[in-house]
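# Structure at a glance
As a plain string of letters, each chain reads:
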Amino acid sequence: MAPEPQLAFTREEYARRLTAVRDHMRRLGADILLVDEKEHLGYLTGFTPSATMYQACVIPLEQDPIMILRRLDEHTFTEVTWLADYVLFGDGEDPIAVLAATLRARGWADKRIAVEFDSHYLTIKRFEAMRAALPSATFVDFSGVLWELRLIKSPEEIAYLRQAAAIADEAMRRSIAALGEGVSERVAAITAASTYLEMGADSGHVGPIAGGNRTNSLHGGLRDHRLQRGDLIHLELCPMVRGYSARMMRPAVIGAPSPEQEETARQLIAIQDQQFSALRPGVVAKDVDRIAREQVLSAGLRDVFDNTTGYTLGYYTAPYPPRTSDFTRVFLPTSEWQLEAGMVFHMYLWARGMAFSETILITDDGHERLTKLERQLFVR
């Protein structure tokens, strides 16, 4: 007898997700749905394949889903999924041809087939091959549906986010403590990665860490810079637990901070605290964004402010899918959408080489900061 799979969620949780997907299929008049986006495969099946070869899940309206699966991944798949039905292909076979043959064998080759036109894995070439292999099928656009369904986090998802946030807190605390004059910025990354793995994160993938003049970019790559007195260092930590990522940014300065650095940190924290106080269900996102954007500009902390002040946070799969951030919901001056309980966001402010950010859960009556570390400019 095969061992029970090690599921990330209860079977009831996966059933709830599948029911929500099928509700949308019915609204669009789709008989079959093909899911190939890595995050969505993980969300619905528990399995997150690489993009080395095309793999997809076939979801009919009534029968159990079927995974079209690379034979090399069979053991990994059966370890983590609740699905029982799957079709294997070898590396010398064409996955699109195997998919089409499976649909024909099940009598689905002439059905209305929904596909995610915004998928990072369904290339134009693959889609053209799919249409050629299934000439009697009608293809329906399923773009955006699963991104939207993932916005409201379940209690099981929030539990993973809390665990990831606790790892971020401890990893940031240890990483900053390891800094000092003459120390390579790599020491912070080594400390964070080892803390991640010690505390149960999916991987040691750290996040952007950059010192010296590279703090002028939020996405500065890790180098061999040895920290000097007066240097700022930017740390963004992004640990994941079962694919659920908490994020946090903190700045540190080597030696005594300058008066400008102290004042910049004080202003950014105060402005962001005001922004956080507005986070609650029913609030329009652009109004939350305005609180931070207008004050940062009016205080002269930045000359140009054209990035978001926050974005959707949650499931990413380790170490990362093609996109490192989920912009299904963002905080911009044009954002007309409303906050809802169960949404989770990465809220961040950045100016003069310093950035502060938190993982924020929207609750029934306000918000909760899942990352708990002190909000300050750290001095080493």
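Look above for the structure.
Residues numbered from 1 in each chain as written. Predicted model: local features only at pLDDT ≥ 70, side-chain atom pairs only at ≥ 80, totals over all residues. Heavy atoms only, no water.

## Comments concerning the overall build of the protein chain
On a plain count of helices and strands, the protein chain comes out with ten helices and 17 strands. At 23 Å, the protein chain has a C-alpha radius of gyration in line with the 21 Å of a compact globule built from 380 residues. Judged by the C-alpha coordinates and their principal axes, the protein chain covers about 70 × 40 × 35 Å. In the protein chain, which comprises 380 residues, the proportion classed as buried is 57%. Contacts in the protein chain between residues far apart in sequence, at least 24 positions, make up 67% of those at least 6 positions apart. In the form shown here, the protein chain has an accessible surface area of approximately 15,900 Å², with 51% of it arising from carbon and sulfur atoms. (Helix = DSSP H or I, 4+ residues; strand = E, 2+ residues; numbered from the N terminus. Rg over C-alpha atoms; globule rule 2.2 N^0.38 Å. Buried < 20%, exposed > 50% of the residue type's maximum accessible area, 1.4 Å probe, protein only. Contact = heavy atoms within 4.5 Å. Areas by Shrake-Rupley, 256 points an atom, 1.4 Å probe, with all protein chains shown as cover.)

## Re the side chain of Arg 22
Along the chain, Arg 22 turns up in helix H1 (residues 11–28). Buried charge without a salt bridge: Arg 22, with Asp 64 as the nearest opposite-charge side chain at an N-O distance of 5.5 Å. At a separation of 2.9 Å, a polar atom in the side chain of Arg 22 contacts the main-chain carbonyl oxygen of Pro 60. Once you skip the residues sitting within four places of it in the chain, Arg 22 turns out to touch Ile 59, Pro 60, Leu 61, Glu 62, Gln 63, Asp 64 and Pro 65. (Lys, Arg positive; Asp, Glu negative; His and termini not counted. Salt bridge = Lys/Arg side-chain N within 4 Å of Asp/Glu carboxyl O. Polar contact = N/O pair within 3.5 Å; in protein donor to acceptor, adjacent residues only side chain to side chain.)

## Looking at the packing of aromatic side chains
A full pass over the atoms with the stated rule returns 15 aromatic pairs. Look at Phe 47 and Phe 77: their rings are 5.3 Å apart centre to centre, the planes differ by 85°, and that puts the pair in the edge-to-face class. Taken together, the residues Phe 47 in the loop between helix H2 (38–45) and strand E2 (56–60) and Phe 77 in helix H3 (residues 74–80) connect sequence positions 30 residues apart. Looking at Phe 77, the relative accessible area reads 0%, which means it is buried. When the ring of Phe 127 is compared with that of Phe 139, the centres are 5.3 Å apart and the planes differ by 80°; the resulting orientation is edge-to-face. With Phe 127 in helix H5 (residues 124–133) and Phe 139 in strand E6 (residues 138–141), this residue pair connects regions lying twelve residues apart in the sequence. Through pairs of rings, three or more aromatic residues link up here, namely Phe 9, Tyr 14, Trp 82, Tyr 160, Tyr 244 and Tyr 315. (Phe/Tyr/Trp six-rings, centres within 6.5 Å; stacked < 30°, edge-to-face > 60°.)

## Examining the sheet that holds strand E3 (residues 66–70)
Taken in spatial order, the six strands make up an open sheet running E4-E3-E2-E1-E5-E6, and their pairing is mixed. Edge positions in the open sheet fall to strand E4 (85–89) and E6, since each of these has one partner strand only. Sheet twist, expressed as the mean angle between neighbouring strand axes with direction ignored, is 25°. Alignment of E3 against E4, held across five bridges, turns out to be parallel. Bridge assignment links Arg 70 to a residue of E4, and that residue is Phe 89. Contacts from H2 reach strand E1 (32–35), E2 and E3, with the element oriented near 50° to E2. (Pairing = 2+ DSSP bridges. Axes fitted to C-alpha atoms, helices over the stretch in contact; angles between N-to-C directions.)

## Description of the packing of helix H7 (residues 155–177) against helix H8 (residues 186–198)
The interhelical angle for the contact between H7 and H8, taken along N-to-C directions, is 145°, at an axis separation of 8 Å. Pair H7 / H8 crosses with right-handed handedness. Where H7 abuts H8, its residues Ile 167, Glu 170, Ala 171, Arg 174 and Ser 175 lie against Ala 188, Thr 191, Ala 192, Thr 195, Tyr 196 and Glu 198. Taken together, the residues that form the contact of H7 with H8 break down as five nonpolar, three polar and three charged. (Left-handed = near helix turned anticlockwise from the far one by under 90°. Nonpolar A, V, L, I, M, F, W, Y, C, P; charged D, E, K, R; others polar.)

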